[in-house]
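The primary structure of each chain is shown beneath.
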Amino acid sequence: MLLRARLWNNLSRAGSIRSYSKINLERLENRSLLRVQGSDATTFLQGLITNDMNHFQHGASSIYAMLLNTAGRVLFDTMIYRMSPEQSDHFVECDAGLVDALRKHLTMFRIRKKVEIAPAECSVWAVFSQENGSLPEQASREGVSIYKDTRLAELGYRIITDKTVSLDTVKAAFPHGTAYAEGGSYLEHRFSLGIGEGVNNFPQGKCFPLESNCDYMHGVSFHKGCYIGQELTARTHHTGVVRKRLMPLTFENPVPNNELPDDAEIKSVDGQVVGKLRGVSNLAGIGLLRIEKVLPTQTLVLADNYYCSTQRPFWWPKEQPKRCYLNMSAEGKTSHSNTIIKFACELCKWTESCSYYGKQAPFVRNLKFEEDCYVMRDPFCPPPSVKQSSPVEYFIVIGANCRICSRAVCKNLECSFFYANTFCRQCSLCNVTKFPLEIQSRIKKQFRN
């Protein structure tokens, strides 16, 4: 998508493209704005959103981002606009039904920061082409602020105006001509691309950013500092396991409004549940679908009488082959390791995916464990380049098998004790007298009730 955008910029500057697609303009009544300003506004937002506010320092005028709860689930999806390059003054766009909740959420984390948060009496417009054609570059003018939608080029532009600005003034900002679209046209256009927006498509506290394609829409930074909800998001990204994603649905017949309930089950033709509906408008919809289940069949059924199909969106990045990490064996031969191992603690029932089980992980240099361990790559560190002669990265030991009973236990202090080897809680307490006196006191102190 970046290559396409750069190609368009170069050609448009050269004057070699003169034909533009039909341009539609629609006021988005379901979107509202908050104004966040103050000397600490940038650092304040940096610690709350999934994206990186430093993009504004490199010339960006808007970014897409989400705000998560501590469990890594989506609370708000936002577009953030920079009002002035010289000042820390931003507009934060969100679902109109959640604007008060977002203001309360931001205020809760403000503490002593020099930040002002207030509603913005502005209107949000969308400029787009339902023919999926390129739109001409446009500059903001007095009273009409124009921002490129950074999620996808086919989504066109966002326009912010005072509520007193007339429709003719907004249309005049596009000299190539615009047609005012009826309410719902942008919604259907967005669904046809497989893009969600707002609380109806992202139920608050019930969905994850990667399942919502936030990473594919340039809304997540995996190299910035910490933010609320980062741990699960980073771990999911680096382990590479995202089984469900938001995908477009094309219905055979128009679906009446409110005909299908929210979270309606989506089934394959053989009756297997493969996902849930997230929104529908006329012939287009979106659903949270299990990718491996729906792409082979494509034909899906809702409420036993609405048939639809899905496909992999054209704007999704191409799947890359899994990295192979090299390890020199004792015989001097090179072996490869890309296995995903499921670990489950038999005491606390915690589960996690790890990369290796044994004493010498192929991605850990010059280190051999005393016992067979379950090892995962550190999700907060990016994998090394495959061009390195000896790939190495940080790691986390998440568990091992008890030396006595062989049960798999995690490294939580309530589940296991380590003394040369790993011992589960029960075996440690039952055999406490067999340990040295100093170790006995440590075991009793660690597992005391």
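Right above here is the structure, for reference.
Residues numbered from 1 in each chain as written. Predicted model: local features only at pLDDT ≥ 70, side-chain atom pairs only at ≥ 80, totals over all residues. Heavy atoms only, no water.

**Student:** Give me the overall build of the chain: which residues, what numbers.
**Tutor:** Across its full length, the chain holds 9 helices and 25 strands. A burial count over the chain gives 46% of its 449 residues as buried. In the chain, the proportion of contacts linking residues at least 24 apart, taken out of those at least 6 apart, comes to 62%. Surface exposure of the chain reaches about 23500 Å², of which carbon and sulfur atoms provide 48%. (Helix = DSSP H or I, 4+ residues; strand = E, 2+ residues; numbered from the N terminus. Buried < 20%, exposed > 50% of the residue type's maximum accessible area, 1.4 Å probe, protein only. Contact = heavy atoms within 4.5 Å. Areas by Shrake-Rupley, 256 points an atom, 1.4 Å probe, with all protein chains shown as cover.)

**Student:** For the sheet that holds strand β22 (residues 395-401), give the residues involved together with the corresponding values.
**Tutor:** Across the sheet, which stays open at both edges, the 4 strands sit in the order β20-β21-β22-β23 with antiparallel pairing between neighbours. Every interior strand has two partners, whereas the edge strands, β20 (356-358) and β23 (408-410), have only one. Strand-to-strand twist of the sheet, defined as the mean angle between neighbouring strand axes without regard to direction, takes the value 30°. (Pairing = 2+ DSSP bridges. Axes fitted to C-alpha atoms, helices over the stretch in contact; angles between N-to-C directions.)

**Student:** Tell me what's going on with the nonpolar core, and back it up with residues and numbers.
**Tutor:** Counting 52 residues, the largest nonpolar core has Leu33, Leu249, Phe251, Ile266, Leu300 and Leu302 as the members making the most contacts within it. With 6 residues, the single largest contributor to this core is strand β13 (residues 273-290). Ignoring anything within four residues of it in the chain, the contact list for Phe251 reads Leu260, Val280, Leu283, Ala284, Gly285, Leu302, Tyr306, Tyr307 and Cys308. (Core = buried A, V, L, I, M, F, W, Y, C linked by side-chain atoms within 4.5 Å.)

**Student:** Let's hear about the side chain of His90: which residues, and what values?
**Tutor:** Among the structural elements, His90 can be located in strand β5 (residues 89-95). The exposure class of His90 is buried, given its relative accessible area of 3%. Those residues in contact with His90, other than ones at most four positions away along the chain, are Leu34, Arg35, Val36, Ala41, Thr42, Leu45, Met53, Phe56, Ile80, Tyr81, Arg82 and Met83.

**Student:** Report on the sheet that holds strand β11 (residues 244-255), specifying residues and quantitative values.
**Tutor:** Taken in spatial order, the 5 strands line up as β11-β13-β12-β14-β15 and close into a barrel, and their pairing is antiparallel. The mean inter-strand angle of the sheet, taken between neighbouring strand axes irrespective of direction, is 50°. Against the sheet, helix α5 (residues 185-193) makes contact with β11 and β13, and its axis sits at roughly 35° relative to β13, the strand it touches most.

**Student:** Can you explain the pairing of strand β15 (residues 306-309)? Please cite residues and give values.
**Tutor:** Alternating positions in β15 separate cleanly, Tyr306 and Cys308 being buried on one face and Tyr307 and Ser309 remaining unburied on the opposite face. One ladder, built from 2 bridges, connects β11 with β15; its direction is antiparallel. Residue pairing for β15: Phe251 is matched across the bridge by Cys308. What sits between the antiparallel neighbours strand β14 (residues 299-302) and β15 is a turn of 3 residues, in which Ala303 has the positive phi angle 55°.

**Student:** Can you tell me about the side chain of Arg278, naming the residues and giving the values?
**Tutor:** Residue placement: Arg278 occurs in strand β13. Within the structure, the side chain of Arg278 is placed 2.4 Å from the side chain of Asp263, a separation counted as a polar contact. Not counting residues within four places of it along the chain, the set of residues in contact with Arg278 comprises Asn200, Asn201, Pro203, Leu246, Asp263, Ile286, Gly287 and Leu288. (Polar contact = N/O pair within 3.5 Å; in protein donor to acceptor, adjacent residues only side chain to side chain.)

**Student:** How would you sum up α5? Please name residues and give values.
**Tutor:** Listed in full, the buried residues belonging to α5 are Ser185, Tyr186, His189, Arg190, Phe191 and Leu193. Residues of α5 that are buried make contact with β1 (24-27), β7 (122-128), β9 (157-162), β11 and β13. Taken from the residues just after α5, Gly194 is the one with a positive phi, measuring 80°.

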